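Here is what each chain is made of, one letter per residue.
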Amino acid sequence: MTSIGFVVFGLVSLLGLMSLLPPLAARLRLPYSVLLALVGLGLGLVITLRPDLNFSSPALHEIIEALASIEISSEAFLLIFLPTLLFETAITIDVRRLLDDLAPVLTLAVLAVVICALTVGFALSFVSPFGLVACLLLGSIVATTDPAAVIGIFREVGVPKRLTTLVEGESLLNDAAAIALFALLLPMLLGEGQAGFGATILNFLKSFLGGGVAGFIMGRAACALFPLLGGWPKAETTLTIALAYLSFVVPEHYFHVSGVVSCVVAGLVLGSIGKTRVNTHTFEQIEGVWSQLGFWANSLIFLLAAMLIPSIMEETTLQEIGFICAVFLATLVARALAVFGIMPVLTQMGLMSRINNRIKTVIVWGGMRGAISLALALAVVENTALPAALRDFVGTAVAGFVLLTLIVNGISLRPLVNFFRLNRLNPVARGVRDRAKLMTLADIARELEEMSRQEGVDREAADAALAKIQARLAVARARAQRGIELMSDEMVKVGLTVAAAHETERCYELLNARIVDRRIAELLLREAQRLREAVRAQGRRGYKAAAERSLDFTLGFRWALSLQRRLGLERPLAAALADRFEFLTVQRQVLSGLVPFCRDRLQPLIGEEATGEIIEMTAERIAAVDAALQALKLQYPTYARELQLQILGRFGRQRESSAYRALAANLVISGEVARDLTAELESHWTGLDARPKLDTELAAIDLVQRVPIFRDLDIARQQAIAKLLRPQLAVPDSHIVRRGDRGDAMYFVASGATSVILESGDVELGSGDFFGELSLLTGQPRNADVVALGYCKLLALRARDFNLLLQQDAGLKARIEQVARERLHRE
């Protein structure tokens, strides 16, 4: 067999072994990573001792030789496996939840790395014969944490989601910080870099932040390419794999910034934005592919790295074992300092919410190290420019330390979680669980009764089966009854969280059904996520506040409005108005489906009282959306009708397409017939995805002709006046002028209504009225606030054009002065 054949044979043998280890780990109740390390260690011992071993089986001998032929350098470890491990975690993490805990994540990922490097470095410099820089380098190597074993245990025993997010978030950025620090210290040790402390910090920040920018740009670019791939899942999946490695290599090689951070950020961008750029089923396929790639990469890197430990530690002395214990204790102290020392300070500063001491203790003890530390140590061992004694010191200390954390921390972590009862449900969660079980068993009992009747099952067998279900149902009913006294506020909070999650799911359904435009879907999803965050932080009060904010005008809308007012640009405003129209229309549709969901699914879980309150809050949201939508319809009724027709057409297209797919799935029609019908359907609805054009109706001449005092003028005079007036749109509840401001213009109301807020009482002005003239005539500041009651089309006459217009039209001058005298008299 050729050398390449031996390598392939060895890798395939490892893959076969990997397939047997997960069920074995579950049976032995060991973390999968710990079992991988132990198996890898055993294989390494066999490979190291193979000259002294006699294998009775030639096939076994060839397998061992094939495994021995696998030689992977530290660079190969990092380039082949690290992008996969980082990207696989990044695309599955909840970005919103990660941002909520960004302060503690950065503390663990960056500050903890520095603290660990300093603590280990100074501790070893006192007990070992090596210098401070060499010991700091070793400290940076052991600062990388490997979350694989920890996350596996957390998911198995069911710890709080926040704890899992903290550890996953730390692992994403921890490697980047440690590798960046390692890259700064190694040249110093070799005498190639003598940069000062300030320059070192700047280089670190440049690498870290530059990598984040590069990853963000590359992730957004990949998301922009998804629509161009025409819905080909294999091509879209391939693009994500290319993105993982390109975002790792390109920034590192061409821009000299952190490829690790770039890869992480690109994965986070893809995981948060990519879901709206591809079909939900396709994204699930992408996550499935990456889950498989992550399993292979994690398993292979652990096995291959662990196989190197026996050769690295072959001649370990008692003194070196002492060094290993010193490193273990120093890293534990450093992690405790970061978690128990810095996190409380961040809590006091309001940068993070409180984390209880039980979770902190698990975070400290769960800081296991893995293959990345071994790969960095291997880079030192392979560097012949370093002294042999130093290389042996780093290799032995790191290998022994990694093995110690996996065996000691890894095996004891599950008992620690159980001891602190972090896997126990809180009273509210237990109440929801009991009611969910009660609802499910009741449904099963009804279905079994119906099935036995329809299928002609013997009464005796049916009664026996139903008796077992009824017995479980009685227990579940008793438990659920005991939980009825649960706090109403907590049950409402649970229900609101579920309702917000249902909104998110419904938005994805509408997006995949091509009912809603991608950009609008992203807006809806963002608001649904904000609702969930608000509920988690402040309960019903936060939910109501977030629901109100969801109807606020976006920054993009306000920017478009400003462009129209200042520069007269109407196209951005037309697009912003169309977006708001569609956003409100689709949100109304989503909310209308939320009420039956609450009645049918939520009420059995959280009770009638809590459900009734949620339905009431949903009704309030629907009323607010209706009011906002009605305000738009009053100004743009034609566009509202066209948009409703389009959305109904999209629903019709989706229903028809689903019907054809169902007929094909049930073999009622052939695949060829289904494709032909679908092609005909798409041809019939050509142009349905192109949004109707919205006319802002802000042409100056058109608005001038609507104002009664200008309406009877000849067209030439109207055109001359139109040149002096600037059309603008005022949105509901916006201040057009404010009391005390300097008067710079007066306004004519072409369409809509405004309210003048006076001390004597509010005055409503409608189409044909004007305001703001008093300030221009008297030179005094504004004497009242004027607020738009709805969407108002106004004509603004600037102060410098005011006198010119009055000089040209004596009748207009008389009319304005008369109204001004009346208003002054009223004051």
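Model, not experiment: these values are computed from the prediction.

1. Here's the deal with the packing of helix H7 (residues 132-141) against helix H17 (residues 388-419)
Viewed as axis vectors pointing N to C, H7 and H17 meet at an angle of 30 degrees, and their least axial separation amounts to 11 Å. Here H7 is positioned roughly parallel relative to H17, judged by the angle of their axes. When the axes of H7 and H17 are compared, the crossing they make is right-handed. Across the interface between the two elements, Ala134, Leu138 and Ile141 from H7 touch Leu390, Phe393, Val394, Ala397 and Val398 from H17. Here the contact of H7 with H17 is composed, by residue class, of eight nonpolar, no polar and no charged.

2. A look at helix H2 (residues 32-49)
Between its first and last C-alpha atoms H2 spans 26 Å; for 18 residues at 1.5 Å apiece the expected length is 26 Å, and the two agree. Every buried residue of H2 is listed here: Tyr32, Ser33, Val34, Leu35, Leu36, Ala37, Val39, Gly40, Leu41, Leu43, Gly44 and Ile47.

3. Structural notes on the packing of aromatic side chains
Summed over the entire model, instances satisfying the criterion amount to ten aromatic pairs. Taking the centre distance of 5.4 Å and the plane angle of 65 degrees together, the rings of Phe419 and Phe420 count as edge-to-face. For Phe419, a relative accessible area of 63% gives the class exposed. Considering the side-chain rings of Phe553 and Phe557, the 4.7 Å spacing of their centres and the 35 degrees angle between planes classify their relative orientation as tilted. We note that Phe553, like Phe557, is buried. Members of the aromatic cluster, each reached through a chain of ring pairs, are Phe130, Phe323 and Phe393. Seen from the ring of Phe553, Arg580 lies directly overhead, with NZ or CZ sitting 4.1 Å from the centre.

4. Thoughts on the sheet that holds strand S8 (residues 792-798)
Spatially, the four strands line up as an open sheet ordered S1-S8-S3-S6, and their pairing is antiparallel. The open sheet has two free edges, formed respectively by strand S1 (725-730) and strand S6 (770-771), since each of these has just one partner strand. Its contacts with the sheet place helix H29 (residues 715-724) against S1 and S8, and it is angled at close to 65 degrees to S1.

5. Here we look at the sheet that holds strand S4 (residues 754-757)
The strands making up a sheet associate through hydrogen bonds between their backbones, and the pairing can be parallel or antiparallel. Taken together, four strands build an open sheet; the order of strands is S2-S7-S4-S5 and the sheet is antiparallel. Each having just a single partner strand, strand S2 (735-737) and strand S5 (763-765) make up the two edges of the open sheet. Going from strand to strand, the sheet's axes swing by 30 degrees on average, the running direction of each strand aside. Taken together, the four bridges between S4 and strand S7 (residues 785-788) define a ladder with antiparallel strand orientation. By the bridge assignment, Thr754 is partnered in S7 with Ala788.

6. Concerning the confidence of the model for the protein chain
Per-residue pLDDT for the protein chain averages 82, and the proportion of residues at 70 or more is 89%. Within the protein chain, no element has a lower average pLDDT than helix H8 (residues 148-157), which sits at 57, and none a higher one than helix H11 (residues 233-255), at 93.

7. Some words on the nonpolar core
Membership of the largest hydrophobic core comes to 124 residues, with the highest contact counts inside it found for Leu14, Phe87, Leu138, Val394 and Val398. Looking at this core, the element that brings in the most residues is H17, giving 13 residues. Setting aside anything within four residues of it in sequence, one finds Leu138 in contact with Val120, Leu124, Val327, Phe393, Val394, Ala397 and Val398. In terms of nonpolar packing, the next biggest core, distinct from the first, is built from 84 residues, Ala547, Val625, Ala628 and Val731 among them.

8. Brief notes about the side chain of Thr282
As for its placement among the helices and strands, Thr282 is situated in helix H13 (residues 280-312). By relative accessible area, which is 6% here, Thr282 ends up buried. For Thr282, the contacting residues outside a window of four places in its chain are Pro233 and Glu236.

9. Let's talk about a nonpolar patch on the surface
On the surface, Val114, Leu118, Phe122, Phe126, Val127 and Leu132 cluster together to form a nonpolar patch covering roughly 560 Å² of accessible area. When residues in the nonpolar patch are grouped by element, the largest group, five residues, is from helix H6 (residues 102-127). Leu118 sits in the partly exposed class, given a relative accessible area of 40%.

10. Some words on the pattern of salt bridges
One pass over the full model with this rule turns up 20 salt bridges. Across the pair Glu509 and Arg506 runs a salt bridge whose closest N-O atoms are separated by 3.0 Å. Pair noted here: Glu509 and Arg506 are both in helix H20 (residues 488-512), with a separation of three residues, about one helical turn. For Arg506, a relative accessible area of 22% gives the class partly exposed. A salt bridge links Arg514 to Glu682; its shortest N-O distance comes to 2.9 Å.

11. So, the pairing of S1
Burial of S1 is extensive: five of the six residues sit out of reach of the surface. Bridge count between S1 and S8: six bridges; the pairing is antiparallel. In the strand pairing of S8, Gln728 is matched with Leu794.

About the cut-offs
- Residues numbered from 1 in each chain as written.
- Predicted model: local features only at pLDDT ≥ 70, side-chain atom pairs only at ≥ 80, totals over all residues.
- Heavy atoms only, no water.
- Axes fitted to C-alpha atoms, helices over the stretch in contact; angles between N-to-C directions.
- Helix = DSSP H or I, 4+ residues; strand = E, 2+ residues; numbered from the N terminus.
- Parallel < 35°, antiparallel > 145°, perpendicular 65-115°, else oblique.
- Left-handed = near helix turned anticlockwise from the far one by under 90°.
- Contact = heavy atoms within 4.5 Å.
- Nonpolar A, V, L, I, M, F, W, Y, C, P; charged D, E, K, R; others polar.
- Expected span 1.5 Å × (residues − 1).
- Buried < 20%, exposed > 50% of the residue type's maximum accessible area, 1.4 Å probe, protein only.
- Phe/Tyr/Trp six-rings, centres within 6.5 Å; stacked < 30°, edge-to-face > 60°.
- Lys NZ or Arg CZ within 6 Å of the ring centre and 35° of its normal.
- Pairing = 2+ DSSP bridges.
- pLDDT = per-residue confidence, 0-100.
- Core = buried A, V, L, I, M, F, W, Y, C linked by side-chain atoms within 4.5 Å.
- Patch = residues over 30% accessible without salt bridge, like charges linked within 9 Å, V, L, I, M, F, W, Y side chains within 5 Å.
- Areas by Shrake-Rupley, 256 points an atom, 1.4 Å probe, with all protein chains shown as cover.
- Salt bridge = Lys/Arg side-chain N within 4 Å of Asp/Glu carboxyl O.

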